[in-house]
Each structure stands twice: as structure tokens, then as C-alpha cells.
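This is what each chain is made of:
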Amino acid sequence: MKFIDEAIIEIKAGDGGDGCLSFRREKYVPRGGPDGGDGGDGGDCILKAKQGLTTLMDLKFRKHFEAGRGANGEGQKMFGAQGKDVTIHIPIGTIVKNAKTGKILADISKEGQEVIIAKGGRRGRGNARFASSTNQAPRTFEKGEPGEELRIRLELKLLADVGLVGFPNAGKSTLISSISNARPKIAGYPFTTKVPHLGVVQVDREKSFVVADIPGLIEGAHQGAGMGIQFLKHIERTKVLLHLIDLTDPEHPDPLKSYKVICDEMKSFSPDLLKKPEIIVLTKMDLPEVREMRSKVENLFKKKGKKVFAISAPNREGLEALVKEVAQRLT
Ligand SMILES: Nc1nc2c(ncn2[C@@H]2O[C@H](COP(=O)(O)OP(=O)(O)OP(=O)(O)O)[C@@H](O)[C@H]2O)c(=O)[nH]1
Ligand SMILES: [Mg+2]
């Protein structure tokens, strides 16, 4: 069971700009004083908590972040510009560790929280700074300091955004393994799934969400039948439920009745589960007998005001539309 999302990224804060060595040159002033300006400070690498992000998926595409270098100082006491900061958005709940030592560097727990994780290098001072009564023409100036550079490991305890419910064999594990990185066991017998599995679904480069695949429910589960209902706690905090229905299930030929049985079991665990936005998903659309029943069953649920999708995992039919719909409901 992997409920932790991880990403390792390399960050480099900007180097400080060098101080300048320069002397004033003016007409009629034979020996001008020192006028070398300071460099600019290097930019920082900042981690910032952002609501709405629920996974570290973005950081699997971009693993290297570098803040801007401070500009060098110039003559006439001109200071170099500061290096540009780089801000890396991460989900609330992320723990940040030094990848090498494992030391915890930050615990991102509040919306908008910002942590400077690599500090930009300090600017070098120009020679104008070093003038004194005893040294009126200093040739001393400083180089900017290098910015901090490190590898960090980000860890996020995943919380499911979407829950899959349905009878055993409905195709829950098949669905999660078709749309996410989760690879639970799939088999043509009931209760294949004994523990919940989470998977990250990548919608596009910016968006991803987490799905929980849980064991199948059966009538009487609240009294301990089958795998019971305790695992429903894993979908208690989800925002959307997908209710999967297999129209070829010989034990449950009436889809509306099947639907109600599952809802009643969920209700026994917590009535709040029934208040969640829900999408009915008819599975196994590749089977001819299912295709035959499709429109009739869709209408039955539509009449009840339910949104219905039909999918086939082997043909990847309907998966993209379903993922899009879910993503939209989550925003
Ligand atoms: N033809 C077809 N078979 C499917 C499809 N989806 C799932 N199956 C098959 O249905 C059976 C059950 O699938 P699972 O994904 O294990 O079902 P589950 O809902 O996770 O079942 P439990 O873990 O026991 O609750 C397997 O034999 C799958 O290969 C589909 O879209 N088309
Ligand atoms: Mg399963």
C-alpha cells in the first residue's frame, strides 16, 4: 500500500552578484574616489503551499529549479539588481526533507505558507564601501557568495479526492489501474481487493487527482458480510464518488436495485457519504449484452437525476471523458 507521494527535486538559489572595483573619473578631478557599487543578492528558492494541489505530480515533470543570479555592481556606485526568486508550488501537507540526510527542513501545513528553502548568495560589496580615512583609494571589493544548492525530497500523505464504490467484480480495480498509476490485483472473483489502493490520475500537465479503490460492498456489509464496511473510512473525505455497476453481474440483474443496496450500505456507515456528488459508471461496455442494455439503463438513472458514464477498460472507451468530468467536479 503506497499512500505516500514522493518527489525529489534539485534546487539552486541564485549566486550573489560581485561588487565592483571602480574609481570616479571626472574632468578636473585628477584622482576620483572609489565608486564601485555592490552586487545584487541572489534570488531565493521558495516553497509555497497552494490549495487545490493534491499530488506532487507536477514535480515529476520538472525536477530542477534555479533562482536568478544577482547582477554585478558597477561604477558610479550602481548596485546590481537582485536575482529573481523562484517559487515552487506544493500541496498543503507536504513534508520537505534534505534528500541526502533525511533531515526535515519544512512542514507545509497552511494555505499560502512560504518557506525559503535555499537562500540566495549574499551580494559582494563594491570598493566604495571600503573607503576610510586611512585608505581613500581602496582596491578591495568582494565577490558575491554562491547561492545554496541542495536536493530535497518532498513527501505527501495522499488523501483521496475520488472514491470507487460498487459490488465485488464491478471493475473498480480495473478502472483505477486504467486511469492511474495504481496496479491493484484484478481477478474475476469477488473480494479480490482486500485493502484500499490509492492511485494518482494525471489529467493534464497541471491537474491531477487521487482515486481510492476499495473492496467491494455487498448486502449486509454493515453487519460484517463480505469485507464489511470499515474501509469506507478511506473515502469519507473524498469529494466525488464513482458508483460502478456491472450489468452482467448474475447476482444483481436489476441495476436500480443494485444501486440502492450499495447506497444503503454506505448510509449505514455514514449518511454523509450519500450527500457527495456522484457519478454512475456502467462498466464492461465491450461486452455485447452490456451494450444492448446501455441506453435503457442510462435513462433509468438519468430520470433519477444521476449523471451516467459508460466505460470499457480494455478498449479504453469512455475513460477520458470520465476523467475530464471528475476533474471538472473537483475544481
Ligand atoms: N470485459 C471486461 N471485463 C472487465 C472490465 N472491467 C473489469 N473487468 C473484469 O471484471 C473482473 C473484476 O474486475 P476487478 O477490477 O477486479 O473488479 P473489482 O470491482 O475491483 O472487484 P473486487 O476487488 O472484488 O471488489 C475481472 O475479471 C476484470 O478483468 C471491462 O471493462 N470489460
Ligand atoms: Mg478490486
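Conventions we followed
Residues numbered from 1 in each chain as written. Chains lettered and ligands numbered in written order. Predicted model: local features only at pLDDT ≥ 70, side-chain atom pairs only at ≥ 80, totals over all residues. Heavy atoms only, no water. Donors = N, O, S within 2.8 Å, 3.2 Å for Na, K, Ca; no water. Helix = DSSP H or I, 4+ residues; strand = E, 2+ residues; numbered from the N terminus. Buried < 20%, exposed > 50% of the residue type's maximum accessible area, 1.4 Å probe, protein only. Domains from an automatic or database assignment. Contact = heavy atoms within 4.5 Å. Buried area = accessible area lost by both parts, 1.4 Å probe. Salt bridge = Lys/Arg side-chain N within 4 Å of Asp/Glu carboxyl O. Nonpolar A, V, L, I, M, F, W, Y, C, P; charged D, E, K, R; others polar.

**Student:** Please provide a residue-by-residue account of the coordination of the magnesium ion (ligand 2), values included.
**Tutor:** Distances from the magnesium ion (ligand 2) to its protein donors, S173 (OG) and T193 (OG1), fall within 1.9 to 2.1 Å. With S173 in helix α2 (residues 172-179) and T193 in the loop between α2 and β10 (197-202), the pair connects residues that are 20 residues apart, well separated along the chain. The residues S173 and T193 share a single accessibility class, namely buried.

**Student:** Account for the domain arrangement of the chain, naming residues and giving values.
**Tutor:** Assigned domains within the chain: domain 1 (1-158) and domain 2 (162-330). Domain 1 and domain 2 are separated by 48 Å when their C-alpha centres are compared. The interface of domain 1 with domain 2 comprises 8 residues on the first partner and 12 residues on the second. Each partner contributes to the roughly 1,000 Å² buried at the junction of domain 1 and domain 2, and carbon and sulfur atoms together form 66% of this total. When the area that domain 1 buries against domain 2 is broken down by residue, the three leading residues are F3, M57 and F61, summing to 43%. Counting across the domain 1 and domain 2 interface gives 0 salt bridges. Its residues placed into classes, the side of domain 1 that touches domain 2 shows 5 nonpolar, 2 polar and 1 charged.

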